[in-house]
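Structural description and commentary
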Amino acid sequence: MSRHFLPALAAAFLLAPGLRAAPVADDRVRVTVDESVKGWWLKPEEKRFDEIGWAADIRTARKLAAEDDRLVFLFTMDGRVNTGRC
Amino acid sequence: MRTGPFSNADVIHRLNAYFVPVYAVNEDYRKGGAAPEAEQAEYQRIYREALEKKFSAGTVHVYVLNPKGDVIGTRHVADAAKTKELIAFLDEMVVELGSNPAPRPPVVKPKAQSVAPKHEKGSLVLHLAARGLGGGGSWDGTGENWIVYTPDEATALLPANAEVGTTWDLDAKLAARLLVNVYPVTENNDPKKNEIREQSLKGKVISVKDGIALARLDGRLVMRHDFYHKPDGNIVETGLIGYVEFGPRTRTIGSLRLVTDGATYGGGKFGVAVRSE
């Protein structure tokens, strides 16, 4: 292998997805992981969906709407809107 | 929708004040799905009535019923997802209750909608959060998953001994149950359709103090994950880093955290964080 290729190969290896330039030292693992968890975790403003008083199912919603003279708002979807996986 | 219109204060106010909101997961409402037959029948009745009344109708849709249960309006999700349009639609519907009805507190007390599935005591309950970090390849917003390991399965994730320097490979099948959920916010959310092409997750005990062992976790994942429900060649590629605290004598996990490291998908970057609850 030509020596000219070695730096390019090294750079490619370092830039490959999922690879750090250097592994995280043992004494930095916890703080490194905790920082990412904190940064990527759901923020309160991303959980406002939980501020809506969702009924358990359609028939319950209908029963409550009839009793309380309200409208039923039904949202149907593929996946699960409550987890954002939809 | 969750982090869009359903997180908007004006939408939340209207839904709570004048409606009984409910969502239906199509998977549960299909034949053989988890919803009871009577629930499925009511879903179908609403759908058919909307069609008969020449309203728009579909599987990803908003339907509004009056207190008697009659369909009085619908919106396709593409329109409902626009906050202004949804507010206008809700206001239009509220007129059905009379002119200027008084707002009232929600009829159902709001509560967390993403919760851990039922599990036996001593289980390891992992909560996963995913979000795009720029560059595309992901919808806006966040996604969550819950992964539960029985007490025996949680023990099986640990090393045979906990001497500092001990290394081990985490059980591949157990790890895969978590890793199939490592993808950004996409339309396809069926983990059974994901194909793990490369997977590793290794542990190394780095300290033992006051009867608690701390091990670092390092790994890598390459997984085919289609953005929609048809093959598109998109690949999740990421490193993994984390840690687990456990009792060497009790062989129980006190805390586990794992995050992606440089995750890419569909030309963009994303982050996934996992924490035990």
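Residues numbered from 1 in each chain as written. Chains lettered and ligands numbered in written order. Predicted model: local features only at pLDDT ≥ 70, side-chain atom pairs only at ≥ 80, totals over all residues. Heavy atoms only, no water.

Comments concerning the pairing of strand β3 (residues 71-76) of chain B
All names here are of chain B. Keep this limit in mind: When DSSP finds at least two bridges between two strands, those strands are taken to pair. Runs of H or I in DSSP of at least four residues are treated as helices and runs of E of at least two as strands, each being numbered from the N terminus.
Two elements, strand β2 (residues 61-65) and β3, share 5 bridges in a ladder whose sense is antiparallel. Its bridge partner lying in β3, Val62 is registered against Arg75. Hairpin connection, β2 to β3: the antiparallel pair is bridged by 5 residues, and Gly69 has positive phi, about 100 degrees.

As for the sheet that holds β2(B)
Quick note on the threshold: An axis is simply a line fitted to the C-alpha atoms; with a helix, the fit covers only the stretch in contact. Between two such axes, the angle follows the N-to-C directions and lies from 0 to 180 degrees. Any two residues whose heavy atoms approach within 4.5 Å at even a single point are treated as in contact.
Strand order in the open sheet formed by 4 strands is β1(B)-β1(A)-β2(B)-β3(B), with mixed pairing between adjacent strands. Each end of this open sheet is capped by a strand with a single partner; those strands are β1 (19-25) and β3 of chain B. Averaged over neighbouring strand pairs, the angle between their axes works out to 20 degrees when direction is ignored. Each of β1 (71-77) of chain A together with β1 of chain B touches helix α1 (residues 9-18) of chain B; the most contacted strand, β1(B), lies at about 105 degrees to it.

Remarks on the interface of chain B and chain A
Worth spelling out the cut-off: For this analysis, a salt bridge means a side-chain nitrogen from Lys or Arg found within 4 Å of a carboxyl oxygen belonging to Asp or Glu. Think of it as three bins: nonpolar holds Ala, Val, Leu, Ile, Met, Phe, Trp, Tyr, Cys and Pro, charged holds Asp, Glu, Lys and Arg, and polar takes everything else, Gly as well.
Between chain B and chain A, the contact holds 103 residues from the first and 56 residues from the second. At the junction of chain B and chain A, the tally comes to 11 salt bridges. In this structure, B:Lys204 engages A:Asp26 in a salt bridge whose closest nitrogen and oxygen atoms are separated by 3.6 Å. Among the residues forming the side of chain B that touches chain A, the class breakdown is 55 nonpolar, 25 polar and 23 charged. Where β1(A) lies against β2(B), 5 bridges are found, and the strand directions are antiparallel. Within β2(B), the residue paired with A:Val72 across the bridge is B:Leu65.

What to know about the domain arrangement of chain B
Worth spelling out the cut-off: Where each domain starts and ends comes from a domain assignment, either automatic or drawn from a database.
According to the domain assignment, chain B contains domain 1 (5-97) and domain 2 (124-276). Here the C-alpha centre of domain 2 of chain B lies 36 Å away from the C-alpha centre of domain 1 of chain B.

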